[in-house]
Each structure stands twice: as C-alpha cells, then as structure tokens.
Amino acid sequence: MTRSIPGVPPAGETAQRRALPVLPSASGDPGALDRRDFVKTLGVAAAGTALLGCSQEQVEKLIPYLASPDGMVPGVSTYYATTCRECAASCGVIAETRDGRAIKLEGNPDHPLNRGALCARGQAALQGLYNPDRYRGPMIRRGDRLEPISWDEALRAFAERVAETRRGGQAGGAVFLNQHESGAFPAFLDDWLAGLGMPPHLSYDGQADFASIAANRQSFQVSWPRYDFRAARLVISFGADFLDAWGPSVTYQLDWADARTDFARAPKLVYVGPRRSLTGLNADEWIDCRPGSELAIARMLMGDFTPAQAAVVSGVDAARLERLRAALEAASPSLVLGGGSMDVALMANAINNARGNVGATVLTAEPVTAYDGMNSPADVRTAVDRMRAGSVSLLMVRNVNPVHTLGRSGAVAEAMGRVPFKVSFSSIMDETSELCDLILPDDHSLEQWGVAQPLRGTLSLQQPVMNRVFDTRPTADVLMAVGRTDSALASRYAAPSFREWLLPRLPGGANGIAAALPNGLIAGNVEPRGATRLAPLPRLAPPIEGTQGDLYLVLYNHPLLGVGRGANKPWLQELPDPVTKILWQTVAELHPDTARRLGVKNGQMVRVQTEAGSVNLPVCTYPGMHRETVAIAVGRGLVRSGRYASAGVNALELLLPFEDRSGAPAYVATKAQVAAAPGYQQLVTTEGSARQHGRGIGRAMLLADIGRDVEHHDGPVHHKLPGDGDHSHLPGLRAPIAADAQGDLVHPEDIERGMYDPKHWSGMAKRRWAMTVDLARCTGCSACVTACYAENNIPTVGAVWQGAKLFPDKTGFGANILRSREMAWIRLERYFEGGEDGGPDFDTRFVPMMCQHCGNAPCEPVCPVYATYHAPDGLNIQVYNRCVGTRYCSNNCPYKVRYFNWFGYGEPARAQYAFPEPLNWQLNPDVTVRAKGVMEKCTFCVQRIREAENRAQAEGREIIPDEFTVACAQACPSRAITFGDAADDRWAINRLVHDERAYHVFEELNTYTAVVYLRKVLHQEPSHSPQRRLVPGSAADTGGGAH
Amino acid sequence: MISRRTWIVAGGFFALGTLAVILSAYSGASSSQRFSPVQPVRFPHPVHVQTLGMNCLYCHSAASQSPDPGLPAVGTCMGCHTIIGPDRPAMEGREAFRSAEIEKLQKYASGNLPIPWVRIHKLPEYVRFPHMRHVTAGVSCQTCHGDVQNMQQVYQANSLNMGWCVSCHVGQSNPPFRARYDCANCHY
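Computed from a predicted structure; not experimentally measured. (Residues numbered from 1 in each chain as written. Chains lettered and ligands numbered in written order. Predicted model: local features only at pLDDT ≥ 70, side-chain atom pairs only at ≥ 80, totals over all residues.)

1. Section: the overall build of chain B
Phase 1: Scanning chain B from terminus to terminus reveals 8 helices and 3 strands.
Phase 2: Each helix (α) and strand (β) of chain B, taken in turn from the N terminus, gives the series α-α-α-α-β-β-α-β-α-α-α.
Phase 3: A compact globule built from 188 residues would reach a C-alpha radius of gyration of about 16 Å, whereas chain B, at 23 Å, exceeds it by more than 25%.
Phase 4: In terms of its C-alpha atoms, chain B occupies a principal-axis envelope of roughly 80 × 45 × 35 Å.
Phase 5: Out of the 188 residues in chain B, the part that is buried amounts to 21%.
Phase 6: Across chain B, contacts joining residues at least 24 apart in sequence account for 65% of those joining residues at least 6 apart. (Helix = DSSP H or I, 4+ residues; strand = E, 2+ residues; numbered from the N terminus. Rg over C-alpha atoms; globule rule 2.2 N^0.38 Å. Buried ≥ 20, exposed ≤ 12 C-beta atoms within 10 Å, placed from the backbone. Contact = placed C-beta atoms within 7 Å.)

As structure tokens, this is what we get:
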C-alpha cells in the first residue's frame, strides 16, 4: 500500500484493490480512465509501443498482514455490535468492517430501543470517525497557536496542571463539562474528580430537550418514561417532535408506524405549535397557535381555561379548541406530550395523570434511563458565570461546545478568557476546544470501550470496531494515567486501561462480556452517577407578548444537525431538511402570506433582528408556519468546527440570554424585527415543486375505505392504448419488452433467445427483485437517504470548494446543488395537498423516490451504447464502463432518478473530490466509485444481491427468503420499505404487492415499475376538500388529481 | 497543389491511425499480459508447489471463501521458515547453500515489516471478480493464472480482458464451463 494508515494493521490484497479508487497512489485511478490516463495511453500508443498498455506502468504494492487476525478473511466483512453515541439515547449499532475499516453502520436488531433501524445522524457517525477535521493528536497552545506535541509531553503538562491546581488549594474551582452520556463513564469521571478534590462534572447535552426531562423528573421522578403509542387512541403533541429528534426518536418512528398501520386501532395525532415540524406534518390535525400559547391550550385541556379564553391567547378558533377538548374526553387512553417548555411538559404530564394515561400509555415504571444524570443547561451557565468572575481554576471540556450552543449572548468565549488553563478532550475541533490551552483528543465512540444504559435493566456495550484513525486516546485512559501519577490515587487506577477497569464491573464480569459481545447487550445496570446538584434558578424570559418586534421568533434545533453536532458531516449537510427540503443553507421560514405582506419572495433576503443581534437570511416560504412567526433552524454557521460546518448562518446570534423554567436556553422567547433586506440568495433545495400538479405520485385513501374495494380516481386518467399490457400490481412482471426478450417476438434461431425465460439455464429470470414503499408508514425522516449515501459511495457535492472553479459567479455552499448536480439515488419527495388558501389544514405526502426498475424502462431503448438494460432478474442495470455520458437516459426518465457525474467527485486530484482523506476510508469496497462522465442511479443494492447469491452458493443452498435487504430498507426507522423477490411467494414483499393500497407511480406510462407504493391512509377526511365528500362505496378522491 | 493534397492525405491517414490506436487502447484491447515484475523476495512457486507439493490454498486460503484471494501473512511464511532457515543443506544433486531470499524473509519478519509485493493481476475497479465462486465451481487457479507452479518469476499469463472472461462464461473453454454472463454479474 502506498500509504500507511496509522494504527491500522496493513490489510491484505483486498484493501489494496478496493481502496485504490480513492487513495491517492502513484498510479491514480486506473479503472476510471480519466483524461490524464487517456492522454498517457495516446502517448504510449503513438510511440509505437502499443503492446504495453496503460496498465503496465501502474505498479501497485500488495501488502499482506504480518499475522492474520483470527476469524478474519480478507475481503469478507466482520461485524461488531456497539453503541451509537450520536445522541443521548444510545441505540445499538452493528458496525460492518472490511479489512480493518468501518464502512457501514446499521441498527442492532436485538437492541430494544432501535430494533435494527438507525437514523441519519446515527449512520453519519462514520463521518465523525473519519472526519478530516479531527484532531490528529495532542496539541498545546504556544502563543496564539495550537501546536502538536507528543502524548508523553501532553500527559505531563496535564498532570502538572492538575497538581498545581491542587497545590494552590483551587481544586474546588475546577469545572469539567462532559457531553452527556449514560453508562459507566460519568460515575467513573465523578469518582476521579472527587479523588482530586474537584466537584462533580456537568453532564451537558445541547440537543436533548431538557425542558421535557426536567418536567418528567418533577412529575414522575424519572427522566424519560416509556410511551406506548400503540395503546393510545389519541396523541396530542405540544411541540414534542417525537418523529424529529425528541427523545429516542428511532424508537418512536417504529412505534408510531406500527401503531398507525394497525388500522382498526390507530391513534390520531394532533400537533399543537406555531410551526409544523416533521412530527407536525405527520399529524392528522395541526393547531397553529401563537408561539408561547401552547400552555394556554394545555391548561384548557386541564379545565383551567375555557376554549374561548384559550382562543384569545392562542389565536386559534374556539370551536377547534372545543373539538380538541371533546376528542380528548372521548379518547381513552390518550397520550399528551409536551416539549420545548417545562411548563407545557408539566401540564402535559398533569393531563396524562388526570386522564388516567399514566400506566397505560405513559409507562413510568420502564423508563428510558439514557437521560439520567443530565445536568440542567443552567448549571453550565452558572459555571460560565463563575469563569467570568475568575473563580474557575481549571476548565476541562469533552465533546461539548458551549461557546456555540449557548449563543453569542452567553458570552462563553469571553468568560473562558478568564480561566488560567483550559483542557479539551474533544476529538474534533470546535469553537470551544479551539480556545483551550491543551488538547488531549478523545477516541471516537467507535474506537473505544464503554457501556451505555439506554433502559433500566439493559446495558448496551460499546466496543472499538477498528483501530484508531488518528493518534488519539480514550479520555478515561488519560484520566487514569494522570491518576497514577498521584500517590493517593495510584492504587485506584491500577488497571492498565479503562477497558480492564470497566469489564470486571459489568454484570457477569469480564467472562460474561465474551458472551455478550456478539449482540452487544447485557441485562443489568451499572451504578449511576450520584445525585446531580439542584439546578440554579433559571433566568426566566419576560413574557413574549411584551417584547418588541414584528414577528414571533421561533428557533429550533435542526432535526439532523442538532445544535451543530452534525454540522461538519457532509452527509447530514447534504440531506435535505425533511420539512423545508433546504440543504447547506440557513433560511428564514415565513408563511407565504407573511412573506407577501413583507414584499419578499423565496430567496429574497430579510433582516431578522433581536436585542441580541441580527442575521440576514433568504426567505423560504412554508405553509406550515403560523402567520405571525418567523422560524429559523439552529445548527449551521459554525465558524471553527471544521470545513463543512461553516455552511449557512448561525441563528444563535439571535438568542437572548434567557432560559426556560428548566434552565434550557429559551428558543422561543422574543419577537424579532423582520424587514426586507437587499440581496438575493437562491434557495439551495432539491425540490422542484411542493405540489403534485395532478400527477398522483403520493396517493392516499381514507381509513374508512380500507377493505371496501373502492375504485380510486386519484391518479391521472389512464387511456388504454392498443397493445397495452395488463395493469395489475405485479411489479414489473409483464412488460412488452420482456415478452419480446422471452422469445415471443425474436427469431427462433437467435442466440439470446430465452435469456429472460425463467427456465433459461442461467436461472436469473427465476427471480424478480422488487420493492414496496408503504406511505402509511413513511414519516419522511430521510434515514434511507443517508443509508444509500453510505452504502453506495454517493458523493456529496455541496461543499464550497466543489463548485467554485467552473462557475465563479455561483459560489458558496450548495452551489452545485443550485445547478442540480446532487447525486442522491433516493430522495424523499414531500408534497402538500390542500391548504392552497394558506390555511393550516393541509396534508403532506412523503414519497421516497428511487429508480423504479421499470420492466418497460424508457431509459433503456435510448441508450446508444447499451449501457443501461434490463437484467433477467428484474433489475434495470447501469453499466458504468459502457456509459459514454450522452445523458439520453436521464432525459427520458419520467421519474428523474438518474444522476450524472458532471465532475470527478471520486478523483482525489480534482477540486470536486468528495472524500477528503480520511473520509474515503468509509467507501464501500463492493461498489465502484464512479468516474466523471458516467450516469448512475439506484441499483437496488445489486452488490447485496450478488453477495447473498455468493454466500448461498458457497453454502450450497438457495437464498433464504428475506435473508437480506437493501440499505434503505435496512435503515428505515418506520419499516416503510420492503425489498424482495416478487416471483417467490415466500418473500414478505409478496403480501404487500397485492395489497389493496398498492399502486405504481406513473402507471399510465406503461413503465411496469418494480417499485410498488402503498397509499397513505388518511385517518380523517381531509377538510381541505369538502366539495369532494365521499359517497359510501364510491371513490375516495383524495389524491393529487384535482390539485 | 498536389503537394498540399498529399499533405492532407498523409495527415488524414495519420489522424485515422491515431484514432485507431486510441480506440483500441480505450476499448481495453491492451492488457498487461506477460507482465512479470521483480518481486522484493524472489519467491519460487515451483519449489513450494512441485517439490513440496503444497496446495495453492495453503497460502492463498481466502480464495475459496472470499471475493479476494488474499496474500499469505508474513506469519504464514514464518510458520515453516522459522525452522527452515536460510542455510539449506546439501541434497541430492545440490550443494549446500545459503538462501538470500529466506534471509530477506526473516528480516522482514523480525522487523515486523510486511513484504511489499508488486501486484501483477489487476482488474479495473468497475469489475467484481469473486474468487470463491470460481474456485468452488471447480475452475482451477491455472485456468486464469497460468502454470504458476512452473513460473520461477510469476507473470500474467492471460489477458484478463472481458472477451477472455466471457469466452469461458458462454461455454467456449476447454473443458467447457458455463456461467451467467449478464453485465451486472461483474459490473456494478
């Protein structure tokens, strides 16, 4: 191998061959035949030495192992069960590693929280592991620069500082800010600090909803109860975005989809809040109250207010509120969730108590323990106050970034300037660690040992899935090493590392671990950290009504980027926001009417100003907004958190230094001045239109019509043409072209005759790979998109340097997206139905759209070089090495799911290179990294199909039904996608393709797609189309047809 | 005028010739067949395979389990060569001698260094060649790699071009094999 990888044993031939397309080697990328190779070839050929082809010059090295690791076969994946640490919930993940490198994360099917699914943030943990902006090793501040030093020097410097602090009697003034996590480490850390006479650490999480946690602790004495959506008949959410990122959202995605598709008992969801979040878009009804008035509505449900009184405060029609109250009275049990404000969450808990929901849908006896031990953000604020006062002697931070998350008005940076010595254990650069004096970078969570406690009685093991990428060390090991330098503590830290310290303390002891490692779960508990101190009194915000401004300002944590933790991961930046479909950009969301009143259109700039500061943002109109509100997502515009994180604008500039009653920063606390500003920024979005325009892409039917054999009229009218095949819902089976290939129309002597015949000797046509997408389950969370990026080596194209060269006039993050150069093989289309008048009653259709693998594919006959064709097993194949880039196929594709490599995203020498070292370590070796100038698209994860076939053949058997699935289906947290062999009844997909809700998108084009969509189910008649009331037994015309 | 036309014709022929060369190169008609680089350790396949009767899979054990055949770890070599040192005793028809190559191997092993073998057989990145499917189907290693057991210095015996692959898959080999030849079996 031409490059040595620190800490990774040199892999065998596999890693060499597989890694080559991206590792900069002496030879470049031979497979891609780029322009340089082409010219080189020409030169060689013209010199008359054509005998020696281009491949002659490419001398590569094959580096074998020194000693082959047990049980590892080069080229065959090894899987490790570990724990996701991207949010506090601690889902279980299975990390796929190939030749010593983690290449894919998938949910652990045995884990009780996520049951095999994994959200986009969890999958993007790989881009944290391989982040090019991680600290390479320990660093120390010399002057105003951080300079690399050795671990010995760094540990000595840290130990000296600790000793000095203690000698000066200032140990009590030390502060340790740690990223909140559950499990054994927090108690270990408190113990270490106590041994040195330092106060317990502050466990901080900027993206968890601390308002709900504080309320739950007060109401139920647990941080987070378990919610049973299946038992509920009605769910009312007051800003609790349980499908976005509120609590363990993967669990809720699964529970919610299961509850909703149990049609007979499905709960209704009413969302109350000023902005329709993803959860709000999944609700049957949205009550668009004024910001801050959720409490009044909740109190109305408690009987404290009459609907008329609540209507005055909230601006919602009293009759609607009365209906809501009646619905709650009628539903038993129900479930009321409150988020974002402790008062609202407390009131929600009180309603649950009063309605007898506790024990039925709110299960306080089976709590989610992942949030136990978390400190109030007000604790962090008081620590900052003490820093400012000069009474903090030593500051230690680990993976938290208060300089950013507390906003500019938090003035953390200035306060840190008063601390004599600051140590950061963060593994990646951020605003806070860049101000520190000593960096002792922690291992990534995928590189170290640990344990998490997601639920009471369940421990989730964390184990390293590969050797270290950089010269980092687990913080626990560093603390132990420093502890050993102190004679009083040395005996306590006799174990050589945290692993040896931890394992004997787990239930079952070190021997039990070996048995637990395969699925990563241990029954039992670890000792929790001691009681956290009582939070200080919050700095409550004055009533929002009394603030100055034109519009209420609603800040919200971006569902994918959090407060900024995901901002330096290009997968998450390039994943369109599930609601606004904006990527790489921060926008001011306004109701279309409000924008019209301000005289601005999409992309025109507005200036949003609060007492704390102001930002200029492009307008993005969104009908799911309260008319008196402007909403801005937090999580972008971080200036020192790495190369990708600076996309967009930091909305926390607008944050006032006020707190919710729980101590969490008050995101909804003020009005803001909003005025049109000069300038225009085209919206960076992958969306064409938010309306279906009668195309019937995302269809729906009424719950009442299920099982009633109604005739649907929600697609375009289908004109039957002579020669049309039979329109059944069999996925892609009987296409005219297939009939041709099966020999009906060919010359009997043709050599290719019968290739598509199931009886052909190759047996390929015996299978018919197909997919179903259940729109009643899909919540639009977009985890499938990230899974596809990870599995299929899809490049991200939006970084600022990727678009700068060719079109200098269009620069900035997302410039390539503006030119429609995005490469997402699967995209989540989001359509609105109804609400054309700007009213709140609109329905949303989420439609995952990928190559439909048409049986009669429009792309195939137009390819002049036969680079795309139909394989006998039902796949629409794209052969990269045949493709010459005419793009005819893409032009002819009615689904617009083909993506062209306009630039050399996979070529390290190019400015558009998408995988700066070491992000390229993640690339899936089973999938070609596409070269410039070729078309690509969803392959139905053909590499997984081939792998399953290979495995079956090696074991001398047939493929077992549902033995494997594709990446999007595997990740989907609501289990909306099913993949399988539609020609074999034993596969689960066969129950779904014949479902009464099944339809094909653009069936009228006779494309005979292999993807079958199942209609979304409307649980109540849409109020936006009263003129089309359902006549019993007749059509449920609720789809796109008339819009 | 005539001379000008001659120039045009000559130039035209030159352009055509260049085009033909480019096309032939681009079409993959070139290959590194007979490529035979000098390796860091002159590993003699004939001694190991013919004299000692070792099976290919002893060292290339992944070939029957994995898409990639793998190379033996240095530890695998040393499994024998800790005992079989560089001092080779006299045998029938051979004087005692000291093997510089085994010395090199032992130096790599004692220095914990992998041996930087020079790659000979390489398919383009857009091709997937699952070794195990071929090995378990009974295709001998020699079918593709040539008579490695006779090669003092390994070279690429076959072109490894697509036409050469497909000729087997469609049953034109001797003995005849037949296997799926759909594009997406190998290209994805």
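2. Some details on the sheet that holds strand E4 (residues 101–107) of chain A
All names here are of chain A.
Phase 1: Judged by pairing direction, the sheet is antiparallel, and its 3 strands sit side by side in the order E2-E3-E4 without closing on themselves. Edge positions in the sheet fall to strand E2 (78–83) and E4, since each of these pairs with one other strand and no more. Taking the axes of each pair of neighbouring strands and ignoring which way they run, one obtains an average angle of 30° across the sheet.
Phase 2: Bridge count between strand E3 (residues 92–98) and E4: 6 bridges; the pairing is antiparallel. In the strand pairing of E4, Arg98 is matched with Arg101. (Pairing = 2+ DSSP bridges. Axes fitted to C-alpha atoms, helices over the stretch in contact; angles between N-to-C directions.)

3. Examining unusual backbone geometry
All names here are of chain A.
Phase 1: A cis amide bond links Ser332 with the next residue in sequence, Pro333, at an omega value of -5°.
Phase 2: Of note in this structure, Asp99 is not a glycine but carries a positive phi near 50°.
Phase 3: Tracing the chain through its elements places Asp99 in the loop between E3 and E4.
Phase 4: Overall, the presence of 28 C-beta atoms within 10 Å leaves Asp99 in the buried class.
Phase 5: Phi is positive for Lys896, close to 55°, though the residue is something other than glycine.

4. Describing the pairing of strand E16 (residues 421–424) of chain A
Residues and elements named next belong to chain A.
Phase 1: Burial of E16 is two-sided: the residues Phe421 and Val423 facing one way and the residues Lys422 and Ser424 facing the other way are all buried.
Phase 2: Taken together, the 4 bridges between strand E15 (residues 394–398) and E16 define a ladder with parallel strand orientation. Considered in E16, the bridge of Leu395 is made with Lys422.
Phase 3: In this sheet, strand E17 (residues 438–439) lies alongside E16 in parallel orientation, the contact comprising 2 bridges.

5. Side note on the pairing of strand E29 (residues 827–833) of chain A
All names here are of chain A.
Phase 1: Judged by how many residues are buried, E29 sits mostly within the fold: 7 of 7 residues are covered.
Phase 2: Neither face of E29 is exposed, since Arg827, Glu829, Tyr831 and Glu833 on one face and Leu828, Arg830 and Phe832 on the opposite face are all buried.
Phase 3: In this sheet, strand E30 (residues 843–849) lies alongside E29 in antiparallel orientation, the contact comprising 7 bridges. Note on E30: the bridge partner recorded for Arg827 is Met849.

Everything listed here is a matter of geometry and, on its own, says nothing about what the molecule does.
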